[in-house]
Every structure is written in structure tokens, then in C-alpha cells.
Amino acid sequence: MTTHHHRPESEIALRVKAIESLLVEKGIVDPAALDTIIEHYEHQVGPHVGAQIVAKAWVDPDFKRRLLADGTGAIAELGLTGFSSEHMIVVANTATVHNLIVCTLCSCYPWAILGLPPTWYKSLAYRSRAVIEPRSVLAEFGLVLPDTVEVCVWDSNADLRYLVLPERPDGAEGLSEEALAALVTRNAMIGTAKVEPPTSPTPIAA
Amino acid sequence: MNGPHDLGGMQGLGAIPIEENEPVFHSAWEAKVFAMSFATFSTFFPVDETRHAAERIPAGEYLSASYYERWLAALELLLTEHGWLTPAEIEDRITHLRQTES
């Protein structure tokens, strides 16, 4: 991995194993519950959940209105509310405004809607720089915005999480809601990418 | 609390570490730290307390540790402060595991 460790991985792994064995022995944690938690975050939740919300907003203008007015309520309508995503604000990208989400204090992120955040979102570099030089941060992701586009940066916190509603790409007119959802990437919903027009039958979700 | 976690606007922290096709966890220990933290903080520790624990990590350590190392430090702090485990118990178990595994 890219992150520097000041302790060897094997030492950390041993420490974790020691703590786990003690917690299990004392009945403080159940090993099966740990496996369930890991399985849930590795395989159940992820950006495909947020992509459903975005695609719905693209095809249903009334839903989009409700989503932008009351993100929490509109997401609850779809039954997609979950842990760490209880209070949501959804911000829409337009031809003149681009939104970017960060958590400068830690790594607050809508887990139930995007899954666990990527390493870059949790990195010291992103957390520090997104609020002071968002355009150069976006350029590192390959997204260069003209000066005519205003960049709005939203700093998340423990109680309130954000989701970017990206612009619907051109060339996606005839697509079903499901096919539209498949175009939507994690980075587009954080604001470090735009949604690309469909180019192949099976777009890859980052 | 004014600490090393309050990173907004700080300069000199380098390029964004972008990793393509990143796995959810990079190792089994990261997954276990996440799961043990999730299991205990949803049962015993309110979220604000876990954040406060992470924010009490000494500045040098906070800035040099990886993300899940910080979670591990916070978890260990909360478990020992609440008396679920003692620091000596953890060190003894590490010694024991090292002996049995070598």
C-alpha cells in the first residue's frame, strides 16, 4: 500500500491478534459478529448504493427536487438510510458549480451510501489540501475545471454527511435508470471526477 | 480541541495517494481493527468518544501513523481506559503469541 508505516506490518498484526484474542476470550466481542461486519463492508455496501440515488434523481425531477431539499428524507424514501449516513445533504453539480466533499478532521463519509472511504479520502494530504487548493487537488485526479466554474468544498462531520449529485453526461439519453446507475462512480459522488458518457456496454465503476 | 487532526488548510503534506482499484481493506489486520472498533463502539463507546480518543493520539504519532493504526490506537485507548483490558494484559498476550508463533 502507499501509506508509510512507522511500525512493521507484522508487529501491528500481532498486536491486533492479541487484542482480538483477549476480547473474544472475555466475551466482549463475538468472532462471528466480526466476520459479519467485515463481510458487510467488503461486499454489501458500496458506491452502487449511491449510484442508485443519482440515477433516480436523473430520471425523476420530483425526486431530484426532494433530494436536494431534504437529502435525509429522500434517501429514506428509497430505503437506503443506514449507519453513518443518518443525516445527509446532497449537493448538485451544474455547468457553473462543482462540489467537492472532504472531512478535514477525520474521515466522515456516508458509509451506507458509498461504502468505506478510499485511502486517498482519509489521507492527510487530501484532508489538508481540499479546502485550501481544491483546484490543484482536482487536477491530481485528472479533473481540470475552467475558472468560470465555481468550486464549493463541503467539510463533513460526525453528524452530517454529504453526497454530490453529478451532472448527467451527454450521450446517455436512451439509457434505463439501471444503465445510468452503472455509469456513476464513487469519485463522481465525492466530487473528484465527473460522470463520463457511456463508451462501452459495461462501464467500470471505480 | 486544537490538535494534529485539525488538518484543514495545512500545507506540506504532499500529493494525494490515489490508488486504482483499491480493496476495502489492505490486510486482514485492517479489517479486524475496523470490525473490533465497530463492534465495540456501537455497543460501548459513543461516536464522539471514539473521535476524542483518536484526537488524543500524540501529534507525531498521529501524523506518521496509517489510518487504521490510528483506529487501533484509539481502540486500545478506549478499551484500557474503560477497564475492559489492561495494557499489561495486551503486552503479555503479544509476548505469548510471539513465542508460540516462532
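Now for a look at the structure at hand.

About the thresholds
Residues numbered from 1 in each chain as written. Chains lettered and ligands numbered in written order. Predicted model: local features only at pLDDT ≥ 70, side-chain atom pairs only at ≥ 80, totals over all residues. Heavy atoms only, no water. Helix = DSSP H or I, 4+ residues; strand = E, 2+ residues; numbered from the N terminus. Buried < 20%, exposed > 50% of the residue type's maximum accessible area, 1.4 Å probe, protein only. Contact = heavy atoms within 4.5 Å. Areas by Shrake-Rupley, 256 points an atom, 1.4 Å probe, with all protein chains shown as cover. Lys, Arg positive; Asp, Glu negative; His and termini not counted. Charge placed at Lys NZ, Arg CZ, Asp CG, Glu CD. 1 Å grid on protein atoms, 1.4 Å probe; cavity = no way out; pocket = protein on both sides within 12 Å on 5 of 7 lines; lining within 4 Å. Points joined across faces, edges and corners; volume = space filled by probe spheres on them. Nonpolar A, V, L, I, M, F, W, Y, C, P; charged D, E, K, R; others polar.

**Comments concerning the overall build of chain A**
Turning to step 1, where the next piece is worked out: On a plain count of helices and strands, chain A comes out with 11 helices and four strands.
Turning to step 2, where the next piece is worked out: Along the three orthogonal principal directions, the C-alpha set of chain A runs to about 55 × 35 × 35 Å.
Turning to step 3, where the next piece is worked out: Within chain A, the proportion of its 206 residues that are buried is 50%.
Turning to step 4, where the next piece is worked out: When contacts within chain A are restricted to residue pairs at least 6 apart in sequence, long-range pairs at least 24 apart make up 67% of them.
Turning to step 5, where the next piece is worked out: Entry remark: accessible area of chain A is about 9,100 Å², with carbon and sulfur atoms responsible for 55%.
Turning to step 6, where the next piece is worked out: Positive and negative side-chain charges in chain A, numbering 16 and 25 respectively, have mean positions lying 4 Å apart.

**As for the layout of surface pockets**
All names here are of chain B.
Turning to step 1, where the next piece is worked out: Of the voids in this model, the second largest pocket is the one considered here, and its volume is about 570 Å³.
Turning to step 2, where the next piece is worked out: Forming the walls of the second largest pocket are 31 residues, and the residues nearest its centre are Phe41, Val47, Thr50, Arg51 and Trp71.
Turning to step 3, where the next piece is worked out: Sorting the residues of the lining of the second largest pocket by element identifies α1 (28–41), α2 (47–55) and α4 (67–81) as the ones contributing at least two each.
Turning to step 4, where the next piece is worked out: Per-element accounting of the lining of the second largest pocket gives the leading share, six residues, to α4.
Turning to step 5, where the next piece is worked out: Looking at the lining of the second largest pocket residue by residue, the classes come out as 18 nonpolar, seven polar and six charged.

**Focus on the side chain of Thr192(A)**
Turning to step 1, where the next piece is worked out: In this fold, Thr192(A) is placed in the segment after α11 (186–190).
Turning to step 2, where the next piece is worked out: Setting aside residues up to four positions removed in sequence, Thr192(A) forms contacts with Leu100(A), Trp120(A), Tyr126(A), Leu138(A), Phe141(A), Leu143(A) and Asn187(A).

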